[in-house]
Amino acid sequence: MTAIIELEQIRKTYRSGSIEFEALCGIDTTIQSGEYVAVVGPSGSGKSTLMNIVGCLDNPTEGHYRLAGEDVSMMTEVELAEVRNRRIGFVFQQFNLLASHSAWRNVELPLIYAGVHRTERRERAVAALERVGLGDRVDNRPGELSGGQQQRVAVARALVTEPAMILADEPTGNLDSKSTADVLGLLDELHGAGRTIVLITHELEVAARAGRNLVIHDGQIVSDQPTARAGAIA
Ligand SMILES: Nc1ncnc2c1ncn2[C@@H]1O[C@H](COP(=O)(O)OP(=O)(O)OP(=O)(O)O)[C@@H](O)[C@H]1O
Ligand SMILES: [Mg+2]
């Protein structure tokens, strides 16, 4: 097995004026390539802060983060953006789609940043939308789609660059049970195809879909256990 995420004594301190708050207080963990891990914990425990660091959206205040063997802890914003585009697909609770763009235009965005040619972008965006069951909705704007369909567009956007890792922060937080099942089914498929999945959730049923649960309280890992599903999905 190869480690894709190696976190060593990660700390994150937020400063507002003279007030400091330590949101992550020394996180140590390793995630292997191809694992499906859910990060669980109460509101305010540091899940999104950790996701932002793991997703190269923010630097830790202290500690080391190696992503696929590369130390990204102290990279500049420009360097982080490049690593992000190359290695990671994101899915957020609020979908984060551009309202004025059609589904396929939203999905092609990461390919524009990656410098892929226009014709290939359209082909790959449409193929990604077909993969999430939205082949008949490529020209619709987000406002013309249901919440579940919008999140599937976001999943298509996350997978269009074929990233090694998908990071999802409460991807089912705004969805009804049917759409939740659809999106979790897609994540299962992506995991089955060899992707590493890191899913943040406060719902225990959602966490149970992963092979391993990391529980965070007050910026620290308090439990790190395989789930009942671990053997079945390994
Ligand atoms: N930019 C910031 N400045 C100051 N404090 C922050 C900032 N962002 C987060 N925090 C604090 O850090 C702690 C962890 O926040 P974080 O967003 O990581 O929690 P979370 O586990 O994702 O919570 P939720 O389940 O509600 O999304 C919280 O106490 C929060 O108030
Ligand atoms: Mg959060």
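Remember, predicted model here, so these are calculated numbers, not experimental data.

This brings us to the sheet that holds strand 8 (residues 196–201). Pairing is mixed across the open sheet formed by six strands, whose spatial order is 6-7-8-3-9-10. Each end of this open sheet is capped by a strand with a single partner; those strands are strand 6 (88–92) and strand 10 (220–226). The mean angle between the axes of side-by-side strands here comes to 15°, regardless of whether they run parallel or antiparallel. Pairing geometry for strand 3 (residues 36–40) and strand 9 (residues 212–217), over four bridges, is parallel. For valine 40, the partnering residue across the bridge sits in strand 9 and is valine 215. Across the sheet, helix 2 (residues 77–87) is in contact with strand 6 and strand 7 (165–169); its angle to strand 6 comes to roughly 85°.

Counting across every chain of the model gives 20 salt bridges. Its salt-bridge partner being glutamate 70, residue arginine 87 comes within 3.8 Å of it at the nearest N-O pair. Residue arginine 87 is found in helix 2, and its partner glutamate 70 is found in strand 5 (residues 70–71); the two are separated by 17 residues along the sequence. According to the relative accessible area criterion, arginine 87 is partly exposed, its value standing at 22%. Beyond isolated ion pairs, a larger network of salt bridges with shared partners links Glu70, Glu82, Arg86 and Arg87.

In the vicinity of ligand 1, the residues found are Tyr14, Phe21, Ala23, Pro42, Ser43, Gly44, Ser45, Gly46, Lys47, Ser48 and Thr49. Serine 43 places a polar side-chain atom, nitrogen or oxygen, 2.6 Å from an oxygen atom of ligand 1. Contact between ligand 1 and glycine 44: an oxygen atom at 2.8 Å from a main-chain N or O atom of the residue. Protein chains shield 59% of the accessible area of ligand 1, which is 640 Å² for the free molecule.

What counts and what doesn't
Residues numbered from 1 in each chain as written. Chains lettered and ligands numbered in written order. Predicted model: local features only at pLDDT ≥ 70, side-chain atom pairs only at ≥ 80, totals over all residues. Heavy atoms only, no water. Pairing = 2+ DSSP bridges. Helix = DSSP H or I, 4+ residues; strand = E, 2+ residues; numbered from the N terminus. Axes fitted to C-alpha atoms, helices over the stretch in contact; angles between N-to-C directions. Contact = heavy atoms within 4.5 Å. Salt bridge = Lys/Arg side-chain N within 4 Å of Asp/Glu carboxyl O. Buried < 20%, exposed > 50% of the residue type's maximum accessible area, 1.4 Å probe, protein only. Near = heavy atom within 4 Å. Polar contact = N/O pair within 3.5 Å; in protein donor to acceptor, adjacent residues only side chain to side chain. Areas by Shrake-Rupley, 256 points an atom, 1.4 Å probe, with all protein chains shown as cover.

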